[in-house]
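Residues per chain are reported as follows:
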Amino acid sequence: MHSGPMTAPSTLASGFAEQRASLARLPRVFDVCHAGVVLRAVLCVHAVVALVLGWRADTWQVWLADGSLAVVVVLPAVLLWLLLACLMQRALARLPRWAYWAAALALGAACALLAQAGWQALLQPLQLAPASGRLAWLMAALAGVAFAAAMVHWLEQRLQLQQPVATAARLAELQARIRPHFLFNALNSAIALVQVDPARAEAVLEDLAELFRAALAEGRDVVRLGDEIELAQRYLAIEQVRFGARLRLHWSLDAAAAAARVPPLVLQPLVENAVRHGVEPAAEGGEISVTTRVERGTVVLRIVNSLPASDQALARPGHGLALRNVRDRLYLLHDVDLRFEAGPAGPSQWCVTLRLPLPR
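These numbers come from a predicted model, not from an experiment.

Draft legend 1. Seen up close, the overall build of the protein. What the protein contains, in helices and strands, is 12 helices and seven strands. Looking at the protein as a whole, 39% of its 360 residues qualify as buried. Expressed as a percentage of contacts within the protein between residues at least 6 apart in sequence, the contacts between residues at least 24 apart total 76%. As displayed, the protein has an accessible area near 19200 Å², and 64% of this comes from carbon and sulfur atoms.

Draft legend 2. Region of interest: the pairing of strand β4 (residues 286–295). Judged from the six bridges that link them, strand β2 (residues 247–252) and β4 form a sheet pairing that is parallel. What sits directly across from serine 252, in β4, is threonine 291. In this structure, β4 lies alongside strand β5 (residues 298–306), joined through eight bridges in antiparallel fashion. Bridge pairing links glutamate 295 to threonine 298 in β5. Here β4 folds back onto β5, and the loop between the two strands holds two residues, one of which, arginine 296, carries a positive phi near 50°.

Draft legend 3. The arrangement of a nonpolar patch on the surface in detail. There is a patch of nonpolar side chains on the surface, built from Leu135, Leu138, Met139 and Leu142 and spanning about 420 Å² of accessible area. Relative to the helices and strands, leucine 135 resides in helix α6 (residues 134–177). With relative accessibility at 59%, the residue leucine 135 sits in the exposed group.

Draft legend 4. Structural context of helix α9 (residues 225–243). Look at α9: 26 Å from first C-alpha to last across 19 residues, which is about the 27 Å you get at 1.5 Å a residue. Of all the positions in α9, only Leu225, Glu228, Ile229, Leu231, Ala232, Tyr235, Leu236, Ile238, Glu239, Val241 and Phe243 are classed as buried. At the exit of α9 stands glycine 244, carrying a positive phi of roughly 60°.

Draft legend 5. Up close: the nonpolar core. Within the largest apolar cluster, 41 residues are counted, with the highest numbers of intra-cluster contacts made by Leu270, Ile288, Leu330, Phe340 and Leu354. Looking at this core, the elements that each hand over two or more residues are α7 (180–196), α8 (198–216), α9, α10 (268–279), β4, β5, α12 (321–334) and β7 (349–357). A total of nine residues in this core trace back to one element, the largest contributor, which is α9. With residues near it in sequence (within four places) discarded, leucine 330 still touches Val262, Pro263, Val266, Asp335, Leu338, Phe340, Leu354 and Leu356. One finds Val37, Val45, Trp81 and Phe147 within the second-largest nonpolar core, a separate group that totals 21 residues.

How each quantity is defined
Residues numbered from 1 in each chain as written. Predicted model: local features only at pLDDT ≥ 70, side-chain atom pairs only at ≥ 80, totals over all residues. Heavy atoms only, no water. Helix = DSSP H or I, 4+ residues; strand = E, 2+ residues; numbered from the N terminus. Buried < 20%, exposed > 50% of the residue type's maximum accessible area, 1.4 Å probe, protein only. Contact = heavy atoms within 4.5 Å. Areas by Shrake-Rupley, 256 points an atom, 1.4 Å probe, with all protein chains shown as cover. Pairing = 2+ DSSP bridges. Patch = residues over 30% accessible without salt bridge, like charges linked within 9 Å, V, L, I, M, F, W, Y side chains within 5 Å. Salt bridge = Lys/Arg side-chain N within 4 Å of Asp/Glu carboxyl O. Expected span 1.5 Å × (residues − 1). Core = buried A, V, L, I, M, F, W, Y, C linked by side-chain atoms within 4.5 Å.

Treat this as a map of the structure, not an account of what it does.
Here it is, written out as structure tokens:
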């Protein structure tokens, strides 16, 4: 797990230009289409309601009763605003900042008024609803506007805080794209095969060309897991030529898992680490197993590699840079829907497990 060699100035300059272009493609508007955002918004709003009601309640029984009634209004209004904001996100992103702020606040007022109307319609027959004068409707609209304003401000701050993380992860990805030692090894393997096995040499060069095509591609923020699996297979096929029988591969792939969304070039560093730290240092070589399966709407990806003897492993310690880069990029895409685990799996194995949501 290493950060890679020094990058040439021209390559680094083009990398920063690409990074600026990537940041320019980020939406100017907040992103509410995440389960983590919805969960945090609901919990935060209910916490505020609970605090306000607790301030004026004489007993905890009154507080619980008032809170139960307040949830009837608050929860539908919050969920409706989040749903409509998610559906309208592309349209809002094309508006100037003042316009999407106005649209978000108006949407908040409308959702609060609809929830207030539903509350009145539900509780009036039971004679539980308070008198609904103009003040009550005005207070509901203002509460909706306040909620929308707080949400938009928080989500804008969240987006701004994410951009430095995305920049650092993107730069780390750029530095990891071209690894000269892998290029030289692949070319040397192809040269060695030209005379004895031209067809296999051609296959190595085709795999290498496909890897570099994917590495140099621009404008992609999300790709299919199936495409990443194919790139990992090409990478390991090249390494198989170099290591021969020392590299033992096992694939168990679920076709239904291929539709999961991941950032580009997020799987190749994981299998490269498996080769570099699990197979290369061991005189007897090692095994790498890649497994995908679907469990209750979640894709589980596991990469397991054998570990060399401890004295061999200490010769090439890792720093965890590739793992942190992969985890950060996946977290920016999936937020709380992501589960990322990496660590020993028994006395002689290392395992990386990803749990990703399937697109709905």
